[in-house]
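# A closer look at the structure
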Amino acid sequence: MNASRFLSHVVLIAVPFALACARDSGPALPDVTTHVPGEQLAFTARWSPDGTRLAFARIVEGKAGIWVTDADGSNPVRLSNGVWDTDPWWSPDGQWIAYNAESPDYDVMLVADTGGESRALTTGPAYDVIAGWLPDGSGVIYLSVSGNLHTRVAMLANGSDRPLIPVEGSVEAQMSPDGTKVAYEFTTGGKTTLWVWDVATAQARQLTTEGRESVDLGVAWSPDSRFLVYRSLRTGSPDLWVADVASGELRQVTTDIRGDFGPRWSPDGQWIAFVSLRGGQQDVWIVSTAGGDAMRVTDDRHREDFLQWTPDGRSVTFGIDGAVAQVRIMPVDGREQRILSFADYNSSQPRVSPDGRWVLFQSDRSGNEDIWVVPTAGGDPRPVTTGALADNQGKWSPDSRWIVFASNRGTSSDLYVVADTGGTPRLLVDWSDTDEGAPHVAPDGRTVAFLSNREARTTDLWTVPIEGGTATRITRLDAGTVLETWSPDGRYLLVRTGAMSGALYRVPLGGGAPEKLSTSTGAQMARWSPDGSRLAYANIAGGYARVFVASALGANPTALTTDEHAYDILPVWSPDGSRVAFETFDFRNSTEDLVVANAADGSLMRITTTPSRNENAPRWTPDGRSLVFTSSERSLAIATANVGPLLERAAAGQR
C-alpha cells in the first residue's frame, strides 16, 4: 500500500460539494454533488452497466473493502473484507464485480454483485491489476507485472489463463467494445508506440511512430470501436490525441502546456472527459472529440481523478482528494512541529541537505511540480527549478551544493543537475528517446546512479559521472529494477527486482554478479545503516507490513514491529545508527503516524499522534534531533458533475 492512499474521516453527503477557491467570474460551472452518505472514505467508483448502482472502495477501520449502493447512495452493501480491496469493475451483465486485492498476494478477485465469497482469478508472485472485461463477460482482463508488463485474460468458466494477444515484451492492452480489435501500447528500447491487433486475422498494425505515447495512463476506445484516445508527449507537453483506427489518421485534441491525462469517452462518442493540470490545479475538463476549446468542469484546489461517465452521458463521476500535503519538522523529543512549506499548496518528497541547513521538496505552487528549498530553521521557500513541466525526485549532492532531479521538460523523462541556488539546469544524460529516473548520488558525490530503459525491454541500473560523460549499464537482471540506495562506502548499490514480491540484491560497482540478499520475499524500502553493518527494510506480505533489522546481507532478521493491525513502511536510520524511524498505519483507528524504534532493543516511541492527519515519508536531520516529513489532512470523496447543460450549450455553439 502507498501511504498516500491512507485517507479517512470525510463526511460525504448528497448536497452540492463545496468548491474551494472557485472563480467568481466566467461561465457557470456544472453542479457537483457527492454520492456516498456517512463518514467513511470512498474512492475508485464505477457505475453498473444500467446506471442504477455504484460500486466503490470504502475504508472501514483502516481496511478498504468493495461496496455497492443504489444510485442515490442508499442500501449500502459490503461485498469484500480484504486488507486493501480497490478498483471494482462490473461485468457487462452487471452480475459480477472483479477487483484488486493486496491480500494474499496482489491478485485480482471476483465477487457476485449481491455478495458472497470472493474467489481469486489470478495467483502467483506477479503483481496483478485489473484492466477490464472481455465484451461477452467470459473473462477478466488484467495487467501482470513481473519484470515486463503483460496483459492477460483470466477465464471465469474453467479458470484458464492466457495472454490477451500473443505479443512478447512490455505490453499494456485494451480490447475494443465490439471485441474485434485490441489496442496496445508496446514498449521496447525505451520507446512506447501504439498498435492495434486484429482478432480475426491475428495481425498487428502500428498506429504511432514517435515513441512518446504514455504507457502508464493507457488508451481508451470510443464506444463504436472506431477511434482511440491516448496521451502523447510528442509535442513536448502531455496532450491528448485521437487515432482513427481504420485510416491511421492522428489528431491532436488538447494543446495546453500543462499535462492532460486520464481520458474517457462519453457514451455517445461526442466528448472526451479528462483531467488536466492547466491553471495550476488538477481539475476535470471536457473537450469535443473533434478538438477545439476545452471546457472546465471543476475549479478548486482539490485534486480530481478516476473519471467515469454515467451511462446516460449526462454526468461525469470522479474522485476528489481535498488533502493538502505540507512539509513539516518536529523534534523527536516531542516538541511542537512546524510547517516549512506552503500552507495551501501540495508539497512532498522532502530531503534534508547533508549540511542540515535546507530542506528540498517538490511543490505545485507554480502550477506544476517544481523543486523548492526552505531553511530548516524556517523561512520563505524559494524555487530551484521553474520548468513548465514536472520536476521531481530531487536528491542532494553530499556537499549540499548540487541537486540532481528528473524532469519531462524535454521529449522524455531525463536527469538534470542544478545548483542549490537555482539557475539553468544542466542535462546529465542526453538520451532523448528513453526514460531516466530515480537518481541517487554516490557518497563521494562523483557518480549518479539511476534507472533507464535504454537498452532493454525492462528497466535496469546505470551510473554516470555527476559532471557528465559516458553512462555505464550496471545490471542486466531482466526482471524490472527498483533502485533502493548506495552502500555507505560507495562500493555497492542496493536494488529490488520484480514487483511487490521481488528480491533484494547487492550490486558491486567494480563488476561482478549481483548478490541476492537473504531477506524474505516481499522485502523492500531497504536502507543500510550509516556504518554499513546492518540493513533495515519493510517486509510486505498478505497486505500487511513489518519493519525488520538484519545484517548487511539480510541475515538474522529481527522484527522491530509485530503489531498485526499495522502497516509499517519506509524505515530510515538515524545519523548515529542507533534508531530507525518509520511510518505506521494503524488499521484499528485509521491513523497514520511516525514511530522511532531503538535498533538494539526494539523499544518504540510514537512521535506523532494526530488522528485527523496523516504523517509520512520521514527524514532525519543530520544532528539526529528532528524528523522532517509530510503531513496532510484526510480528505477523499466520490462526486458527480452534471455536465448535460454544459454539453448542450457547447453543441449549440458548434452548429
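This text follows the structure it describes.
Note that the structure is a prediction, hence the values are computed from the model and not measured. (Residues numbered from 1 in each chain as written. Predicted model: local features only at pLDDT ≥ 70, side-chain atom pairs only at ≥ 80, totals over all residues. Heavy atoms only, no water.)

Right, let's get into the layout of surface pockets. A probe matching the size of a water molecule, rolled over the atoms, marks out where space remains unfilled. Each pocket or cavity is described by its volume, and for the second largest pocket that value is around 1100 Å³. Around the second largest pocket sit 29 residues that line it, and Arg351, Val352, Pro354, Thr485 and Arg619 are the ones nearest its centre. Counting residues per element, the ones that place at least two in the lining of the second largest pocket are strand S30 (347–352), strand S34 (391–396), strand S38 (436–441), strand S42 (481–486), strand S46 (523–528), strand S50 (566–573) and strand S54 (613–620). At 3 residues, S42 tops the list of elements feeding residues into the lining of the second largest pocket. A breakdown of the residues in the lining of the second largest pocket according to their chemical character gives 16 nonpolar, 8 polar and 5 charged. (1 Å grid on protein atoms, 1.4 Å probe; cavity = no way out; pocket = protein on both sides within 12 Å on 5 of 7 lines; lining within 4 Å. Points joined across faces, edges and corners; volume = space filled by probe spheres on them. Helix = DSSP H or I, 4+ residues; strand = E, 2+ residues; numbered from the N terminus. Nonpolar A, V, L, I, M, F, W, Y, C, P; charged D, E, K, R; others polar.)

Here we take up unusual backbone geometry. Even without being glycine, tyrosine 106 reaches a positive phi, approximately 55°. Its location among the elements puts tyrosine 106 in the loop between strand S7 (96–101) and strand S8 (107–112). One non-glycine residue, alanine 202, lies in the positive phi region at around 55°. Take alanine 202: it is sitting in the loop between strand S16 (191–198) and strand S17 (203–206). Alanine 202 gets classed as partly exposed once you look at its relative accessible area, which sits at 41%. (Buried < 20%, exposed > 50% of the residue type's maximum accessible area, 1.4 Å probe, protein only.)

Let us look at the packing of aromatic side chains. Considering all chains together, one arrives at 10 aromatic pairs under this definition. Aromatic side chains phenylalanine 342 and tryptophan 372 sit 4.9 Å apart centroid to centroid with 85° between the ring planes, which places their arrangement in the edge-to-face category. Here phenylalanine 342 is found in the loop between strand S29 (338–339) and S30, whereas its partner tryptophan 372 is found in strand S32 (residues 370–375), with 30 residues between them in sequence. The pair formed by phenylalanine 342 and tryptophan 372 is uniform in burial state, with each residue classed as buried. A network of ring pairs unites the aromatic residues Tyr184, Phe186 and Trp195 as a single cluster. Its guanidinium or amino end placed over the ring of tryptophan 67, arginine 58 lies 4.5 Å from that ring's centre, counting from NZ or CZ. Stacked on the ring of tryptophan 285, the Lys or Arg arginine 278 has its end atom at 4.9 Å from the ring centre. (Phe/Tyr/Trp six-rings, centres within 6.5 Å; stacked < 30°, edge-to-face > 60°. Lys NZ or Arg CZ within 6 Å of the ring centre and 35° of its normal.)

Take the pattern of salt bridges next. Counted according to the given criterion, the structure contains 16 salt bridges. A salt bridge links arginine 496 to glutamate 484; its shortest N-O distance comes to 3.5 Å. Residue arginine 496 is located in strand S43 (residues 492–497), and its partner glutamate 484 is located in strand S42; the two are separated by 12 residues in the primary sequence. Each member of the pair, arginine 496 as well as glutamate 484, is classed as buried. Taking the shortest distance from any N to any O, the salt bridge between glutamate 484 and arginine 527 comes out at 3.5 Å. Here arginine 527 lies in strand S46 and glutamate 484 lies in strand S42, a separation of 43 residues in the sequence. One network of salt bridges, with partners in common, ties together Asp283, Arg296 and Asp299. (Salt bridge = Lys/Arg side-chain N within 4 Å of Asp/Glu carboxyl O.)

The element S38 is extensively covered by neighbouring structure, given that 6 of its 6 residues are classed as buried. With 4 bridges joining them, S38 and strand S39 (residues 447–452) adopt antiparallel strand pairing. Paired with histidine 440 across the strands is alanine 449, a residue of S39. The hairpin formed by S38 and S39 contains 5 residues between the paired strands, and glycine 445 there has a positive phi angle of roughly 75°. (Pairing = 2+ DSSP bridges.)

Turning our eyes to something else, we now look at the environment of asparagine 614. Counting through the fold element by element, asparagine 614 comes out in strand S54. Taking the relative accessible area as the measure of exposure, asparagine 614 reaches 1% and is therefore buried.

Okay, the sheet that holds strand S19 (residues 227–232) next. Taken in spatial order, the 4 strands of this open sheet run S18-S19-S20-S21, and their pairing is antiparallel. The sheet is open, and its two borders are formed by strand S18 (219–221) and strand S21 (250–252), each paired with just one other strand. Along the sheet, successive strands turn relative to each other by an average axial angle of 25°, direction set aside. In this structure, S18 lies alongside S19, joined through 3 bridges in antiparallel fashion. (Axes fitted to C-alpha atoms, helices over the stretch in contact; angles between N-to-C directions.)

This paragraph deals with the nonpolar core. Counting 21 residues, the largest nonpolar core has Ile286, Trp309, Val316, Phe318 and Val643 as its most contacted members. Beyond its immediate sequence surroundings of up to four residues, phenylalanine 318 is in contact with Val32, Val284, Thr298, Glu304, Asp305, Phe306, Leu307, Ala637, Ile638, Ala639, Thr640 and Ala641. The next biggest cluster of nonpolar side chains, apart from the first, holds 17 residues, and it includes Leu41, Ala57, Trp90 and Ala101. (Core = buried A, V, L, I, M, F, W, Y, C linked by side-chain atoms within 4.5 Å. Contact = heavy atoms within 4.5 Å.)

Adjacent strands of a sheet form backbone hydrogen bonds with each other and so pair up, either parallel or antiparallel. Pairing is antiparallel in the open sheet, where 4 strands are placed in the order S14-S15-S16-S17. Because the sheet does not close on itself, it has two edges, and the strands there are strand S14 (170–175) and S17. In this sheet, adjacent strand axes meet at a mean angle of 30° when their direction is disregarded. Here strand S15 (residues 181–188) runs beside S16; their pairing, made up of 8 bridges, is antiparallel. Residue pairing for S16: lysine 181 is matched across the bridge by aspartate 198.

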